[in-house]
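One letter stands for each residue in the lines below.
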Amino acid sequence: MPDQAPDRLTRAYALIDAANARDPASQAELYGRRMTETLESFRPDAPETLKIAARAQHIERWTIPRASYPEGRIAYLTWRKDLQKLHARRAAEIMAECGYAEDEIARTGALLRKERLKQDADAQTLEDVICLVFLAHEAEAFIARHDDGKVRDILAKTAKKMSAVGLAAAGSVPMGDRLRRLLGEALTQG
């Protein structure tokens, strides 16, 4: 029986994972896998373009450190936009190598750049998945470093990014008492 080449999505995942395996903090590959797992649970019928965008959400993020930008909100937002461009460019390179068409590559890039968030169902799904991964895997460590007021503010901003379906899914995310209380307070204040 001849060897079968992996399908293009499996190959794209492997290339994204290989890129993320070079993360000096050893977090990017795990984050990508968590994004994929959460997307599969949240929206099992997601198109391949969205699946790749989820897996590549933080591809090679460590190559543009936040510390390489000045302090302040404007610099922070510039850093975030530059990261989105990097993620879209790297995903495009990988997708081209795996045989994806230009329109599929462009679509994934638009998702990674968060174009038309709130108007585009796939872009909104990606944002919901990002928020769900944060709540499930990162929020507890984050809230341990901050006071209730700052945490409520961040959680309110997170909730505003989410759709009603995403917020409903957030309700089933296992979380500690403090996080659950602060999330509830953030939702009632926002």
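Residues numbered from 1 in each chain as written. Predicted model: local features only at pLDDT ≥ 70, side-chain atom pairs only at ≥ 80, totals over all residues. Heavy atoms only, no water.

Colleague: Outline the packing of helix α6 (residues 121-144) against helix α7 (residues 148-161), supporting the account with residue identities and numerical values.
Modeller: α7 packs onto α6 with a crossing angle of 160 degrees between their chain directions and a minimal axis gap of 9 Å. The angle between α6 and α7 places the two elements in the roughly antiparallel class. In the crossing of α6 with α7, the sense of the turn from one axis to the other is left-handed. Residues Gln 124, Glu 127, Asp 128, Cys 131, Phe 134, Leu 135, Phe 142 and Ile 143 of α6 touch α7, and the partners they reach there are Val 151, Ile 154, Leu 155, Thr 158 and Lys 161. Within the contact of α6 with α7, the residues separate by chemical class into 8 nonpolar, 2 polar and 3 charged. (Axes fitted to C-alpha atoms, helices over the stretch in contact; angles between N-to-C directions. Helix = DSSP H or I, 4+ residues; strand = E, 2+ residues; numbered from the N terminus. Parallel < 35°, antiparallel > 145°, perpendicular 65-115°, else oblique. Left-handed = near helix turned anticlockwise from the far one by under 90°. Contact = heavy atoms within 4.5 Å. Nonpolar A, V, L, I, M, F, W, Y, C, P; charged D, E, K, R; others polar.)

Colleague: With reference to specific residues and values, describe α7.
Modeller: With 14 residues, α7 should cover 20 Å at 1.5 Å per step; its first-to-last C-alpha distance of 20 Å lies within 8% of that length. Listing the buried residues of α7 in full gives Val 151, Leu 155, Ala 156, Thr 158 and Ala 159. When α7 is viewed along its axis, its buried side chains cluster within an angular range of 165 degrees and face the same direction. Of the surrounding elements, those touching the buried residues of α7 are α6, α8 (164-170) and α9 (177-189). (Expected span 1.5 Å × (residues − 1). Buried < 20%, exposed > 50% of the residue type's maximum accessible area, 1.4 Å probe, protein only. Arc of directions from axis to C-beta.)

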